[in-house]
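# Descriptive analysis of the structure
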Amino acid sequence: MTTAPPPGSLLTAENLRKAYGPTLALDGADFSIHPGEVVAVMGPSGSGKSTLLHCLAGIVPPDSGTIMYDGQELSAMNDARRSALRRSEFGFVFQFGQLVPELTCVENVALPLRLNGRPRKEAERAALGWMERLEVDDLAKKRPGEVSGGQGQRVAVARSLVTDPRVLFADEPTGALDSLNGERVMELFTDAARSANAAVVLVTHEARVAAYSDREIVVRDGKSRDMERVV
Amino acid sequence: MSIGHTLLGLLESGPRHGYDLKRTFDEKFGHDRPLHYGQVYSTMSRLLKNGLVEVDGIEAGGGPERKRYAITEAGVTDVARWLATPETPEPYLQSTLYTKVVLALLTHRDAADLLDGQRSEHLRHMRALTERKRDGDLADQLICDHALFHLEADLRWLELTAARLDKLRQVVAP
């Protein structure tokens, strides 16, 4: 069922449908998020929650439905414009495999700024600031292969924040970490995002991770359910 | 939780007045459910009667007399036995949640809705505990973790049940 998005939303989706061949991944999903809000997207494996994230982030175009970001229709943009938006306004954290092994940690964090044309020194200074915030500044000169899983994930979080994104997309960001490391990553991640007034779309199947969110939506069989708006 | 054993355990580190026992209990274990004075004094008189504590001294002041309690050898043995005995895990076999799900299926209501609502309620509690953990000390963190893991176990059951609703419907409401 499609309902009008709440006023003040930064990113909204209405009636999204997406099929991969005969498999319907999204079947009329809705979504909305405000600046500074952390929304957990939950649901069983194969329910369509990662597809929803990929559509919202402009990585995968939906077959039908509307995605509005800050007053612009994402689904109507061409590839180049969507890529530019992803680089400048969105940040991403995935479960693993995000850091470039040949680069040092600070170079990894600075990479999105370098891709946007910022000079190296300036980019690395900004990167170090975020690494301090994530308590991994002492790893600046190490390569990803020389740091632990939890440390590497904090480096990845610093990298997702370095461009001051307005929306952060996190897909199972602590999936490869133990409880203690996972919690610390979530604490630092949500604190940093909230203080930067960034919206966080957090895909997770772990309740303890979802507990760091402000509210949750549940995706089942490609349909979304906003638990706050249902009650 | 056995209040008697907990108060006995607190007395093992040294004699205390009833008020002091209540305050220490509340600080360490009674964050959500502080003890009533009546509970402390009724427990102490039971422990006195059973020879597990003794009156170590009485202070006379402006108000009523204040007894100071000390643990006895028998009390120390009792605490040791309690600490060494593993707690029986609660099996939760007849949980209210299970009953509700089965009844929803039997009465042709939307059991998935019920599970979604319950998940949301569990998450609301988990958010409050996570917040308390972030602001609390190590003791708070451990207490909240214990509650969080239990809620998480419930949630895993909810997810599994949600995935098996069709099968369960065939069994309970063919």
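Everything below is about the structure printed above this text.
For the structure given in this document, a descriptive report is provided here.

Parameters and conventions
- Residues numbered from 1 in each chain as written.
- Chains lettered and ligands numbered in written order.
- Predicted model: local features only at pLDDT ≥ 70, side-chain atom pairs only at ≥ 80, totals over all residues.
- Heavy atoms only, no water.
- Helix = DSSP H or I, 4+ residues; strand = E, 2+ residues; numbered from the N terminus.
- Rg over C-alpha atoms; globule rule 2.2 N^0.38 Å.
- Contact = heavy atoms within 4.5 Å.
- Areas by Shrake-Rupley, 256 points an atom, 1.4 Å probe, with all protein chains shown as cover.
- Lys, Arg positive; Asp, Glu negative; His and termini not counted.
- Charge placed at Lys NZ, Arg CZ, Asp CG, Glu CD.
- Buried < 20%, exposed > 50% of the residue type's maximum accessible area, 1.4 Å probe, protein only.
- Pairing = 2+ DSSP bridges.
- Axes fitted to C-alpha atoms, helices over the stretch in contact; angles between N-to-C directions.
- Salt bridge = Lys/Arg side-chain N within 4 Å of Asp/Glu carboxyl O.
- Core = buried A, V, L, I, M, F, W, Y, C linked by side-chain atoms within 4.5 Å.
- Buried area = accessible area lost by both parts, 1.4 Å probe.
- Polar contact = N/O pair within 3.5 Å; in protein donor to acceptor, adjacent residues only side chain to side chain.
- Nonpolar A, V, L, I, M, F, W, Y, C, P; charged D, E, K, R; others polar.
- Phe/Tyr/Trp six-rings, centres within 6.5 Å; stacked < 30°, edge-to-face > 60°.

## Describing the overall build of chain B
Counting its regular elements, chain B contains eight helices and three strands. Along chain B, helices (α) and strands (β) appear in the sequence α-β-α-α-β-β-α-α-α-α-α when read from the amino end. By the compact-globule yardstick of 16 Å for 174 residues, chain B is too spread out, its C-alpha radius of gyration being 23 Å. At a minimum sequence separation of 6, the contacts of chain B that also span at least 24 residues come to 52%. Carbon together with sulfur atoms contributes 55% to the accessible area of chain B, which is approximately 11,200 Å² in total. In chain B, 23 positive and 26 negative side-chain charges are present, and the distance between their average locations comes to 3 Å.

## Section: the pairing of strand 3 (residues 38–42) of chain A
Residues and elements named next belong to chain A. For strand 3, the buried fraction is high: five of the five residues fall into the buried class. In strand 3, alternate side chains face the same way, and those of Val38, Ala40 and Met42 on one face and Val39 and Val41 on the other are all buried. Here strand 3 pairs with strand 8 (residues 199–203) via four bridges, running parallel. Across the sheet, the residue bridging to Val41 is Val203, located in strand 8. As defined by bridge partners, strand 3 adjoins strand 9 (residues 215–220) across four bridges and the pair is classed as parallel.

## Overview of the sheet that holds strand 3 (residues 66–71) of chain B
All names here are of chain B. The sheet built from three strands is open, its strands ordered 1-3-2 with antiparallel pairing. Sheet topology places strand 1 (16–17) and strand 2 (53–59) at the edges, where each strand pairs with a single neighbour. Contacts between helix 1 (residues 3–11) and the sheet are confined to strand 1, strand 2 and strand 3, with strand 3 contributing the most and set at about 85° to the helix. Its contacts with the sheet place helix 3 (residues 37–49) against strand 2 and strand 3, and it is angled at close to 120° to strand 2.

## What to know about the pairing of strand 7 (residues 167–171) of chain A
Residue and element names in this part refer to chain A. With five of five residues buried, strand 7 is to be regarded as a mostly interior element. Burial of strand 7 is two-sided: the residues Val167, Phe169 and Asp171 facing one way and the residues Leu168 and Ala170 facing the other way are all buried. In terms of strand pairing, strand 6 (residues 90–93) meets strand 7 through four bridges, oriented parallel. Looking across to strand 7, one finds that Phe92 is bridged to Phe169.

## Examining the pattern of salt bridges
Scanning all chains against the criterion turns up 33 salt bridges over all chains. The salt bridge partner of Arg118 of chain A is Glu122 of chain A, with a shortest N-O separation of 2.7 Å. Residue classification places Arg118 of chain A among the partly exposed residues on the basis of a relative accessible area of 30%. Judged by relative accessible area, which is 34%, Glu122 of chain A ranks as partly exposed. Between Asp116 of chain B and Arg225 of chain A there is a salt bridge, with the nearest N and O atoms lying 2.9 Å from each other.

## Topic: helix 1 (residues 49–56) of chain A
Residue and element names in this part refer to chain A. Burial runs high along helix 1: six of the eight residues are buried. Inspection of helix 1 places Lys49, Thr51, Leu52, Leu53, Cys55 and Leu56 among the buried residues, and these make up the whole buried set. Immediately beyond the C-terminal end of helix 1, within one or two residues, lies Gly58, with a positive phi of roughly 75°.

## Structural notes on the nonpolar core
Residue and element names in this part refer to chain A. Core analysis: the largest hydrophobic core is formed by 37 residues, its most contacted members being Met131, Leu134 and Phe189. Looking at this core, the elements with two or more residues in it are helix 3 (105–115), helix 4 (120–133), helix 5 (149–161), strand 7, helix 6 (179–195) and strand 8. When sequence neighbours within four positions are dropped, the list of residues in contact with Leu134 reads Arg154, Val157, Ala158, Leu161 and Leu188. Leu53, Cys55, Val60 and Met77 belong to the second largest nonpolar core, which has 30 residues in total.

## Concerning the sheet that holds strand 4 (residues 64–69) of chain A
Within a beta sheet, neighbouring strands are joined by backbone hydrogen bonds and run either parallel or antiparallel to one another. All names here are of chain A. Sheet architecture is open: four strands sit in the order 2-1-4-5, paired in antiparallel fashion. Single-partner strands in this sheet number two, and they are strand 2 (23–33) and strand 5 (72–73). Note: strand 4 against strand 5, two bridges, orientation antiparallel. Paired with Met68 across the two strands is Glu73, which belongs to strand 5. Along the sheet face, helix 1 touches strand 1 (11–20), strand 2 and strand 4 and points at about 60° away from the line of strand 2.

## Here we look at the interface of chain A and chain B
At the interface, 19 residues of chain A touch 18 residues of chain B. Where chain A abuts chain B, roughly 1,600 Å² becomes buried across the two surfaces, and 48% of that area is made up of carbon and sulfur atoms. One can count ten residue pairs in polar contact (both at pLDDT 80 or more) joining chain A with chain B. Breaking the side of chain A that touches chain B down by element, the ones donating at least two residues are helix 6, helix 7 (207–210) and strand 9 of chain A. Each residue belonging to the side of chain A that touches chain B can be placed in one class, and the counts come to seven nonpolar, two polar and ten charged.

## As for the packing of aromatic side chains
To describe a pair of aromatic rings, one takes the distance between the centres and the angle between the planes. Residues and elements named next belong to chain A. On inspection of all chains with the given rule, the structure shows six aromatic pairs over all chains. Measuring from ring centre to ring centre gives 5.1 Å for Tyr69 and Phe90, while their planes differ by 85°; the resulting arrangement is edge-to-face. On the criterion of sequence distance, the pair formed by Tyr69 in strand 4 and Phe90 in strand 6 is long-range, its members being 21 residues apart. On the accessibility criterion, Tyr69 (1% relative accessible area) is buried. Looking at Phe90, the relative accessible area reads 3%, which means it is buried.

## Here's the deal with the environment of Ala156 of chain A
Residue and element names in this part refer to chain A. In this structure, Ala156 sits in helix 5. Judged by its relative accessible area of 1%, Ala156 falls in the buried class. Along the primary structure Ala156 and Phe92 are separated by 64 residues, whereas in three dimensions their C-alpha atoms are 8.5 Å apart. The contacts of Ala156, once residues within four sequence positions are left out, are Val93, Gln98 and Leu99.

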